[in-house]
Amino acid sequence: MKKNKRQAEDKLMEEASDEEPAMNVENDGALDNESEGDEDDDEPVNAPHSTNNDGTNAFFDSFYGLSSSDPRERSQAAKEMLMHCLIGPSANVKDASYALKRLLNGICSGRAAARQGNASGLAMFLKVALAQGTLKEIQSNSTDAEEKQMTLLAFVRHKLLLATEPSVGTRKGSEDRDYKFGRLFGILGVVKSGVLLPVADDHAELSDILEVATGFVDDLVELYAYKKWMREPVAHAIGTILSSFYNIALEVPAAQTIVDQLVKDVIVPKLLTASDQADGGSTSKTAVFSAEQAAMAIHIQAHASIHSEMVLKSLDLPVLTPHTVQTMAAALAETSSVTYPRIHLFWDAFIFYISEPTGASASVQERKLRTVCPVGDVSPIDLIQAVLKHVVIENLLGLRDGQEETKTTHERSALGLCIVRNLAGVEFSSSITGLTRMVLDPETMEHVVLQPQIVKHLFSKVLCHGVGGRKNQSTHLLRPLALQTLESLAGSIDDDDDATARKLAIVRPLLRCDSRFDASTKSVIIDQMVVMKGDQVEVRPLLWSQYLKFLQSQLLKASSDEPKSTTAISPYEAYGYVDLIFNLGKTLLHSNADTKEKAEFKSATTRSLLLFLLAASSFDCREAKSSPPSSSKKKKTKKASKQSPVVEVACAIKTQLEGKSLPPYQLRCNLSSRFYSLVAEAVAASMHSKSDNKENEASELLSYLCDACRDLEAVAGAARLHSEDDSDHAAPRAILDAIYKETQDSKDSSSDIKAQRFVNACSILGSTLYLQLLDCGPVDNLEEEDIEADAENDAEEVGEYISGLHEVCSLVLKDRSKDNDPMVSMSDLCAGLLSSPIASGSESKSGFPRLLRDAVKMVWVSALTLRAGSKDKLPLQPGVYSILLRSIGAEAEGDAMDVDEEESDEDASESDAGTVGESDDSGDVFSRAAMLDEVERGKGNQERQISDDDDGSEVGINPDRLRSFLEEDSDADVDATELEHHEGADAALAKLIQIKQEARKAGQLARERTEMSRQLRCLILLETLLNGKPDGWGALVRAEHVLPMMFPLLRYRKELENSLAKAAGKLDEKRSMAEKITSLLKTKLFKMKHIDRQWIDPSSSGDICATLAANILDLMKGKVSKEQRSCCSLALTAVIRFIPESPTRIFVGSIYKDIVEEWSTRRTTRLESHIIEDFILICPIVAQATLCAPLASVVASARSSYLRTESARLLSLLYNANLNPRNTELENEAFDLLCDSLGPSLEAFAASLEDPETKKSKRGKELLKALAKVLTFTAATTTALSPKLLHNVKKHIEQLKNETESLPLEDACSKLLTQLEQLEKVPCKASQSTTVVTELNPAEDDSGSDGDAGAGKVPKKKQEKKKKQAKKISKKKRR
């Protein structure tokens, strides 16, 4: 038994030794431990002797698991190893001794993560073995007598040195490197195990620890001198040894003694006496250290309070000062060779040196800046500034005085990013303190760490690189790191009391670098930190108020007279701040204020923001007064009252503009545009709120702004900006005050809520018009001369509209007579406002059109609501509809203006031609060219008048024809030189005329675009009117007024389509107008019913609808598009649905008889079958009463098989029992007519079956399918038919069945024959007419018996043929 067990153990050892080399191979074949296998074979007694259930050795597998790249797998392997040899029930000294040997050998392996895994396993092994006494047993079982005499710690060091000593003989460089790293990792494993730490003041133990620790440090010193790349790992190992004693020095005095001896006797004399730099060698204490030396020195100096005074004398001078940082800057910049994500040891030591723990207990150690550095009186902030300036900016980024001297590399930029990241407060992993996060005060963060050059070159340029859409430019390699740094920085700030200052300390430097930081970098850093967008944005009073002040102060730095100042910014950058202010205002309007304080802040800040935009864009606040003038001396003795918001805003702007000129004109225009847009947003937010006083809130806001315009002049002393000297706003203001007075009187006296809403809406519109009078002042360079005239015209027009609004408001409230409808004046006012030039906006008022549109719509809706809420509810007069149609161009009243414009263009062209013709070189040629231009223009005008489809565009002159015409005027007597000069003049003239034509076309296109924009704005009035419900203002609309609107809209839609079909008329505005009119027709007009829109005089409905239907049919017969014809078809059905009386409906619906006749008889007709189908589906009752006979006639005698089958399909749609519920008189009448038409319809089907085309599968199936629906209707309504009629139909179907070669068609015939047999059993009604059959087919009675005799008999050849065909079909189905 023992022999067999020994053989099994030897076999396992051989397998382990065979697999060992594979575990220790790097990519370049670094290490080959065949000697380890030999040693294991020589000592089989030390091999493990337990196996698991499946025959494999889990103990052996654990050593391979220690080399895994997965940390979790390494941890599990170490646990299994310790359980087997030290902790578990099968633990024994032999296995423990073997495990120690394997761990010491494993740290020299270069396979995967063998060094890390085995070093960690060694640390855990020594810790457990020392605590259990197993380590002492391993030493006692050693075969070496010298090892038995050593102390326990010396034994461990001796075994480590033996395992990491390279074998004698030649070896590769990689093998030597692996052994060096093995010793380094082994020492770290011993230190991490804690076996070197003293537990009491035992002198013997202290001497032993000091001796072994000194030996380990000496070993590390040797490794430090081995290679340059070994310095940083060794420095880290030395720091780890020192930190292990520093951590317990306060509790265990022996640890202080040990660390003093290590620093004094080993580290300082052997590592910190001379510099590692190439130009070093000096033995002075101020030697220029390398990065590794500096890291060790500042690590020691950071613990100066632990060391004795004797030790501090050797390091009495601070290693880091602003001067030494500048001296070591180049060496520190070289640490970029340690690539991301790891950084050099020095930077962890630097953070540790300048900071101290905050005392907060958490998984992440938070550290704050020290008041003063541990050695000397250097301020940590000075050190940070020196590092950022000399190391990061000058060496890593290569910047000198803001200019780039040397091109930086990605590695250097990555190091700079990591340094800034660690200082700014992002969580990072320190090699000294573990997970660490710096907590800097906001001022240091903003002005020291996030300097402009750092933000620009490390964040802005990196994030903007490659995101601008340039071709062949990829994103920066460091973009993920920079973006992650900013996102981590934003996410590291908690919502505490200091969060606002810390957030702004990050936001302000980013925005100073680029006011469009988020847009430029394609990130959301600013929004995430300031707005924190989500489902509902909460109001953040303190953060938003300070953020807004910063944006306003930055904006006003854009002064027009300081373009080169260091504090001034460009107008382009200022535009970015304007956008940020506007976006913050929008966010504020839509934020959630859940408390009273937040709601008050929201209201006050919104008004303050609007006041700022108003004052900065339209007022000169440089002479603003800090307080209003006192009217009496008594007020001086009273306590000073708080300044009004208007005065505060004016004084704040004055402070920013002290000694400067106004912001540039373009910036003032931008501010003005954003002001109007934000006012529109505020009004819209008020109208969409859940408050009961929506109109009142919006009215108060706008009246507050109008009063602010007056207060800025009267109280604050700010001067209103004008583009001309004599602007007078007194008259509009007086009228506006009258409107305000009526508004207040209505609130006090009237209890009618609808009247109050109407007055509030008028107040909103009046305030909106008054705000339009604001001006941005003169242009800086005085290049735009027409601004003054435009402003003067706008002021006059606004004054007229405000006066008209006052009058209309009074009419609507007081005069509601039938003869004088105030709604006509109201519609005229609203349409005039939306059609006026002020509604199109301008450069400084681009946001005004929306504000005006919303205000006009509010007035229009409130007026309609007030009218619908009156007792009499008088319907709207036809003038209202005429005005609305004219405003959108659906009527032809605007031709005079176009003619005048064309005449003015012609006059201008004549004058231009006359001027050109005065040239000496032209002679008679130029006059003839001008005549030709006039002739061509006249022909073009005639063609535009004749053509219906022309959109009014001008016919251009053919350049080739013009050139040939000019060349005809050559003189044969002139010489060649003169001829060349003459040809040159002709070419110049042709070019001139061509330029004039292009300019004229461009002007025409601009006029069309302006006109279409005007019509689009006015369309909202008509849409609002038609949106009214019957229980609302929809009761004011009558059918007599709505129906006549269809034809003008359809005609105008046709004109738009014809214009869009041409290359010169393809405007987006036209396309949008056509789509809106189509939507208006299909979703509003065509879906109305006579129940919703009552008739004033129902007796006139027939004439109106008949005339309208005829006009629509004529329009549909013309050359129109498919979409236009579909609209006309739906319009016809809508006209019929509007008719209230049954006889009139049938009378008007008879127009479809003409449609059926033209569709079935004329080859060139443009009418299609879907027109008839729309009528059947939408108006089924009227269709059943009017279309049965016409369609049956087409089925019987159509000129083509297509018409026959299509008419049969349409006829079958009528024979649907579900279409007619037979509840009304009209429905019963239609049903009777439908039943009476069954005979002619079936006879028509019988006649159509004689057509040879029906024998084909396609036509025959469609015809039989339609006939089946008719027979189904007959059976469902239990209508009995004449036997002769059924016999005739049956005979034709049997004949088709026998003659066709199509099996599907034959099956359809069989099904129909079954239906006919069932119908023959129904007794014939006396009322059923059978004379039609005789008239249509007089010879049918004589041949009926012959047909019956031959029915069902099929020749044998035909039967065989059909069987073969059936077999083929079955084969195809199988395939």
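Residues numbered from 1 in each chain as written. Predicted model: local features only at pLDDT ≥ 70, side-chain atom pairs only at ≥ 80, totals over all residues. Heavy atoms only, no water.

## Some points on the overall build of the protein chain
Scanning the protein chain for helices and strands turns up 62 helices and eight strands. For the protein chain, the residues scored as buried account for 50% of the 1375 residues in total. Across the protein chain, every contact between residues at least 6 apart in sequence was considered, and the portion connecting residues at least 24 apart equals 74%. Surface accessibility of the protein chain: about 65,300 Å² in total, with carbon and sulfur atoms responsible for 50%. (Helix = DSSP H or I, 4+ residues; strand = E, 2+ residues; numbered from the N terminus. Buried < 20%, exposed > 50% of the residue type's maximum accessible area, 1.4 Å probe, protein only. Contact = heavy atoms within 4.5 Å. Areas by Shrake-Rupley, 256 points an atom, 1.4 Å probe, with all protein chains shown as cover.)

## A word on the pattern of salt bridges
As enumerated under the stated definition, the model contains 33 salt bridges in all. E165 is paired through a salt bridge with R183; the nearest N and O atoms lie 3.0 Å apart. In this pair, E165 is assigned in the loop between α9 (152-163) and α10 (173-193) and R183 in helix α10, connecting sequence segments 18 residues apart. Residue classification places R183 among the buried residues on the basis of a relative accessible area of 11%. D620 is paired through a salt bridge with R622; the nearest N and O atoms lie 2.9 Å apart. Linked through salt bridges whose partners overlap, the residues forming this network are D707, R710, R733 and D737. (Salt bridge = Lys/Arg side-chain N within 4 Å of Asp/Glu carboxyl O.)

## Section: helix α24 (residues 499-513)
Over its 15 residues, α24 extends 22 Å from the first C-alpha to the last, a length consistent with the 21 Å expected when each residue adds 1.5 Å. The element α24 is largely enclosed, with a buried count of 12 among its 15 residues. Looking only at α24, the buried set comprises A499, T500, R502, K503, L504, A505, I506, V507, R508, P509, L510 and L511. (Expected span 1.5 Å × (residues − 1).)

## Thoughts on unusual backbone geometry
Of note, the amide linkage connecting Y340 to P341 takes the cis form, showing an omega dihedral of 15°. Here P341 is to be found in the loop between α17 (329-333) and α18 (345-354). Backbone geometry places A112, a non-glycine residue, at a positive phi of 45°. Of note, A112 is situated in the loop between α5 (93-106) and α6 (114-132). Here the phi dihedral of R1222 falls at roughly 55°; this positive angle occurs in a residue that is not glycine. Mapped onto the elements of the fold, R1222 is located in the loop between α54 (1201-1214) and α55 (1225-1236).

## Re the confidence of the model for the protein chain
Taken as a whole, the protein chain shows an average pLDDT of 79; of its residues, 78% reach a score of 70 or greater. Here residues 629-640 is modelled with pLDDT under 50, and outside its nearest four sequence neighbours on either side it reaches two contacts, counting other chains as well. This model gives residues 782-789 a pLDDT under 50, and the stretch forms seven contacts once residues within four places in sequence are excluded. (pLDDT = per-residue confidence, 0-100.)

## Let's talk about helix α19 (residues 380-396)
The end-to-end C-alpha distance of α19, which contains 17 residues, comes to just 21 Å, noticeably less than the 24 Å that a straight helix rising 1.5 Å per residue would cover. Of all the bends in α19, the largest measures some 25° and sits at L388. In the segment just after α19, G398 is the residue with positive phi, at about 70°. (Bend = angle between axes of the 7 residues up to and from the residue.)

## Things to note about the sheet that holds strand β5 (residues 428-430)
Overall, mixed pairing links the four strands, which are arranged β1-β2-β6-β5 in an open sheet. Unpaired on one side and paired on the other, β1 (355-357) and β5 mark the two borders of the sheet. The sheet shows a mean angle of 50° between the axes of neighbouring strands, taken without regard to direction. (Pairing = 2+ DSSP bridges. Axes fitted to C-alpha atoms, helices over the stretch in contact; angles between N-to-C directions.)

## Concerning the packing of helix α33 (residues 694-714) against helix α35 (residues 753-771)
Packing of α33 against α35 brings their axes to within 9 Å, and their N-to-C directions diverge by 30°. The pairing of α33 with α35 is recorded here as roughly parallel in orientation. The element α33 and its partner α35 pack so that their crossing is left-handed. Contacts from E695, N696, A698, S699, L702, S703, L705, C706 and C709 of α33 reach α35 at R757, N760, S763, I764, S767, T768, Y770 and L771. For the contact of α33 with α35, a count of residues per class yields eight nonpolar, seven polar and two charged. (Parallel < 35°, antiparallel > 145°, perpendicular 65-115°, else oblique. Left-handed = near helix turned anticlockwise from the far one by under 90°. Nonpolar A, V, L, I, M, F, W, Y, C, P; charged D, E, K, R; others polar.)

## Description of the packing of aromatic side chains
In this structure the tally under the stated criterion is 15 aromatic pairs. Consider the rings of Y226 and W229, whose centres lie 6.0 Å apart with planes at 90°: the pair is edge-to-face. Judged by relative accessible area, Y226 falls into the partly exposed class, the value being 24%. Considering the side-chain rings of Y1152 and F1175, the 3.7 Å spacing of their centres and the 10° angle between planes classify their relative orientation as stacked. In this pair, Y1152 sits in helix α50 (residues 1151-1161) while F1175 sits in helix α51 (residues 1169-1178), placing the two residues 23 residues apart along the sequence. Each of the two residues, Y1152 as well as F1175, counts as buried. An aromatic cluster of at least three residues, connected via ring pairs, comprises F59, F60, F63 and Y98. In this structure, R516 is placed above the aromatic ring of Y572, and the distance from its NZ or CZ to the ring centre is 3.9 Å. (Phe/Tyr/Trp six-rings, centres within 6.5 Å; stacked < 30°, edge-to-face > 60°. Lys NZ or Arg CZ within 6 Å of the ring centre and 35° of its normal.)

## Some points on the side chain of Q1015
Take Q1015: it is sitting in helix α43 (residues 976-1026). With a relative accessible area of 4%, Q1015 lands in the buried category. Discounting chain neighbours no more than four positions away, the residues touching Q1015 are S887, I888, G889, Y1052 and M1073.

## Let's talk about the side chain of S413
Relative to the helices and strands, S413 is located in helix α20 (residues 410-424). Look past the residues within four positions of S413 in its chain and what remains in contact with it is L397, T408, L458 and L478.

## A few points about the pairing of strand β6 (residues 434-439)
As paired elements, strand β2 (residues 365-369) and β6 share four bridges and run parallel to each other. Across the sheet, the residue bridging to Q365 is T436, located in β6. Bridge count between β5 and β6: three bridges; the pairing is antiparallel. Looking at the pairing, S429 lines up with L435 of β6. Hairpin connection of β5 to β6: three residues between the antiparallel strands.

## Quick word on the environment of H590
Here H590 is to be found in the loop between α28 (571-589) and α29 (596-618). Assessed through its relative accessible area of 51%, H590 is described here as exposed. Sequence separation between H590 and S686 is 96 residues; the distance between their C-alpha atoms is 9.9 Å.

## Let's talk about the packing of helix α32 (residues 665-687) against α33
In the contact formed by α32 and α33, the axes pass within 7 Å of each other and the chain directions differ by 155°. The angle between the axes of α32 and α33 places the two elements in the roughly antiparallel class. For α32 against α33, the interelement crossing comes out right-handed. Facing F675, V679, A682, V683, S686 and M687 of α32, the residues of α33 in contact are K694, E695, E697, A698, L701, L702 and L705. Here the contact of α32 with α33 is composed, by residue class, of nine nonpolar, one polar and three charged.

## Points about a negative patch on the surface
Residues E1225, E1229, D1232 and D1236 make up a contiguous surface patch of negative charge. Relative to the helices and strands, E1229 resides in helix α55. (Patch = residues over 30% accessible without salt bridge, like charges linked within 9 Å, V, L, I, M, F, W, Y side chains within 5 Å. Lys, Arg positive; Asp, Glu negative; His and termini not counted. Charge placed at Lys NZ, Arg CZ, Asp CG, Glu CD.)

## Examining the environment of N693
Summarising the element assignment, N693 is placed in the loop between α32 and α33. Residue N693 is classed as partly exposed on the basis of its relative accessible area of 46%. Linking N693 and I753, residues 60 residues apart in sequence, is a C-alpha distance of 10.0 Å.

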